[in-house]
Amino acid sequence: MNEEKDTKNELREKIGQLEEKLDIENGKLKKINTVQDSLISLKKSLDKCTAVLSRALEPGEAKEKFNNLLDDNALDFKKTHSSFEEQAEVLKRKVIDLQAERDKAIQDYEEYSREEEKDSEK
């Protein structure tokens, strides 16, 4: 009887641990989404400001340097955004795997409980 309780407790603990891991990974995913949204908003604001400044600059070396700086910044933004996208994809896959593992643990727990019930009826 104690062995059955131990097994049941172990299964319950495993489910709890998996749910904790899911909460952590979902939290990370939420933070990445928030940072991405902030980054996009910042880029939009920066684009408006740089457009105004670009129109105000006289053609020449200063305008060319400014445009080169804008090109470099656009490239940096794309790299950063892509990096966040990659991290988000890794976390999404991890969440899917953890959900599947949790669902399997719940299924094992339920099957064990049914078997335990059948054994106690005998």
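Higher on the page you've got the structure.
Per chain, the residues get numbers from 1 upward, laid out in the order the sequence is written. Given that the model is predicted, a residue must reach a pLDDT of at least 70 before its local features are reported, and side-chain atom pairs must reach 80 or more before they are shown or counted; all residues, however, enter totals for whole chains, interfaces and linings. Note: side-chain values were computed over all heavy atoms of the structure, leaving out hydrogens and water.

### What about the overall build of the protein?
Runs of H or I in DSSP of at least four residues are treated as helices and runs of E of at least two as strands, each being numbered from the N terminus. Within the protein, the regular secondary structure consists of two helices and zero strands. Radius of gyration here is computed from C-alpha atoms only, and the compact-globule reference equals 2.2 Å multiplied by the residue count raised to the power 0.38. For a compact globule of 122 residues, the expected C-alpha radius of gyration is about 14 Å, and the protein comes in at 27 Å, more than 25% above that figure. Oriented by its inertia axes, the alpha-carbon framework of the protein measures out at about 95 × 15 × 15 Å. Note on contacts: a residue pair qualifies if any of its non-hydrogen atoms lie within 4.5 Å across the two residues. Relative to all contacts within the protein whose residues are 6 or more apart in sequence, the contacts with residues 24 or more apart total 87%. Accessible surface area values rest on a Shrake-Rupley calculation with a 1.4 Å probe, where residue burial reflects the displayed protein chains alone. Summed over its atoms, the accessible surface of the protein is roughly 9500 Å², and 52% of this surface lies on carbon and sulfur atoms.

### What about the environment of Glu64?
When you line up the elements, Glu64 lands in helix α2 (residues 61-121). Relative accessible area decides the class of each residue, using a 1.4 Å probe on protein chains only: under 20% of the type maximum gives buried, over 50% gives exposed, and in between gives partly exposed. Taking the relative accessible area as the measure of exposure, Glu64 reaches 53% and is therefore exposed. For the pair formed by Glu64 and Ile15, sequence separation is 49 residues and the distance between their alpha carbons is 60 Å.

### Brief notes about α2
Expected span of a helix: the number of residues minus one, times 1.5 Å. Over its 61 residues, α2 extends 90 Å from the first C-alpha to the last, a length consistent with the 90 Å expected when each residue adds 1.5 Å. Buried residues of α2: Phe66, Phe77, Phe84, Ala88, Leu91, Val95, Leu98, Ala105, Tyr109, Ser113 and Glu116, and no others.

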